[in-house]
Amino acid sequence: MMKTRVSTLLGTEYPVIQGGMAWVADHHLAAAVSMAGGLGLIGAANAPAEWVRTQIQEVKKHTDKPFGVNVMLMSPYADEVAKVIAEEKVPVVTTGAGNPEKYLSLWKNQNIKVIPVIASVALAKRMERCGVDAVVAEGCESGGHIGESTTMTLVPQVVDAVKLPVIAAGGIGDGRGMAAALMLGAEGVQMGTRFVATSECHVHKNYKERLLRAKDIDTRVTGRNTGHPVRTLRNEMTKKYLELEASGATLEELEYLTLGALRKAVVEGDMKSGSVMSGQIAGLISNIMTCQEVIDEVTGDAQKIIAEHASRFL
Ligand code: TUI
């Protein structure tokens, strides 16, 4: 057990959330994380609403524990997904890549806990005024679509700006990372990359092998010029993308490279032309564990580090 305002809000044993990763966070992973005492999430990403409904029903079949759905607000199906979440009375919803204001009354009417992922102090304050339950402050060490600030700088500034519980995300993969996030004032953590390297995560085996081989400097950010920066592991796709981007290529040319690229990596195991989304913490991850082992180790080590911290000074 590790009780904070976040674990109390979520009704979980630990204040640990699994990232709502596009194409990766399906019902298998979500149920495994929730069963292990964290909050498992289904990543709705760009999927149609009926796919999301099936995933929700599968999680409900496998566990009575709380779970959630992450809504990617740029999805063409976001409106329909938002309705399915309300109909299915999903316990928790997180949102990414936008401002979820227009769905808040729909979800709050069903008593759903709403936790937007934010990448700025301004959006955190605005979300607090709208009556959300907590925020995830996500630094740009994260994989996928990212903001500007690092976790180290964003989390304390968000903590100072709002009274809501803050969950830190971006660059957290072990007990040291969790302890550091708690020191910054966060009351919980969200991890994505660490949960990809688990036995219950159903990505192609090449994806997991690539993650385990990744070094500290192996991620790249594409799309900084197009307004959609995305962090992935470097490969032929990122090399070509960054060359094209530097040479002033059109949006169409760039989008052609990334179209369907995440599916190619996750489902087909194409590590050359696929989009292998990953956070900067990949270099720290060197083994496949179960979700239970990840949560036990990260929370156990964090508690130990914090308890022993005072005796570290000479
Ligand atoms: O959303 C994420 N991470 C994602 S979404 C995704 S799917 C995708 N694939 C390719 C291209 C684009 C998306 C993969 N990874 N994380 C949460 C997050 N939200 N990070 C940053 C933001 C964010 C950024 C700007 C939230 C709000 C925002 O501004 C909203 C506003 O209106 O002020």
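Located above this text is the structure these notes cover.
The model shown is predicted, which means the values in this text are computed figures rather than measured ones.

A. Quick look at the side chain of Arg194. With respect to the helices, strands and loops of the structure, Arg194 is situated in helix H9 (residues 193-196). Of the polar contacts made by the side chain of Arg194, one reaches the backbone oxygen of Ala197; its length is 3.0 Å. Those residues within four positions of Arg194 in sequence are excluded, and the remaining contacts are Gly173, Ile285, Asn287, Ile288, Met289 and Val294.

B. Focus on the sheet that holds strand E8 (residues 166-169). Here we have eight strands laid out as an open sheet, ordered E1-E9-E8-E6-E5-E4-E3-E2, and parallel in their pairing. Of all strands in the sheet, those with a lone pairing partner are strand E1 (16-18) and strand E2 (40-43), marking the two edges. Each strand axis lies, on average, 25° off the axis of its neighbour in the sheet, ignoring direction. In this sheet, strand E6 (residues 135-138) lies alongside strand E5 (residues 113-118) in parallel orientation, the contact comprising two bridges. When the bridges of E6 are listed, Val117 appears paired with Val136. Most of the contacts of helix H4 (residues 78-87) go to strand E3 (residues 67-72), to which it runs at about 165°, and overall it touches E3 and strand E4 (92-96).

C. Looking closely at the pairing of E2. Judged by which residues are buried, E2 turns out to be covered on both faces: Gly40 and Ile42 on one side and Leu41 and Gly43 on the other are all buried. Pairing analysis gives four bridges linking E2 to E3, with the strands arranged parallel. In the strand pairing of E3, Gly40 is matched with Phe67. Remark: the E2/helix H3 (residues 49-62)/E3 crossover connection has right-handed handedness.

D. Molecular detail of the site of the ligand. Neighbouring the ligand are 14 residues, the closest being Ala97, Gly98, Val117, Glu138 and His145. Ala97 is positioned such that a nitrogen or oxygen atom in its backbone is 3.0 Å from a nitrogen atom of the ligand. Within the side chain of Glu138, one N or O atom sits 3.1 Å away from a nitrogen atom of the ligand. Bound to the protein, the ligand loses 69% of the 720 Å² it would expose on its own. Each residue belonging to the shell around the ligand can be placed in one class, and the counts come to eight nonpolar, five polar and one charged.

Calculation notes
- Residues numbered from 1 in each chain as written.
- Predicted model: local features only at pLDDT ≥ 70, side-chain atom pairs only at ≥ 80, totals over all residues.
- Heavy atoms only, no water.
- Helix = DSSP H or I, 4+ residues; strand = E, 2+ residues; numbered from the N terminus.
- Polar contact = N/O pair within 3.5 Å; in protein donor to acceptor, adjacent residues only side chain to side chain.
- Contact = heavy atoms within 4.5 Å.
- Pairing = 2+ DSSP bridges.
- Axes fitted to C-alpha atoms, helices over the stretch in contact; angles between N-to-C directions.
- Buried < 20%, exposed > 50% of the residue type's maximum accessible area, 1.4 Å probe, protein only.
- Right-handed = clockwise from strand over helix to strand, strands pointing away.
- Near = heavy atom within 4 Å.
- Areas by Shrake-Rupley, 256 points an atom, 1.4 Å probe, with all protein chains shown as cover.
- Nonpolar A, V, L, I, M, F, W, Y, C, P; charged D, E, K, R; others polar.

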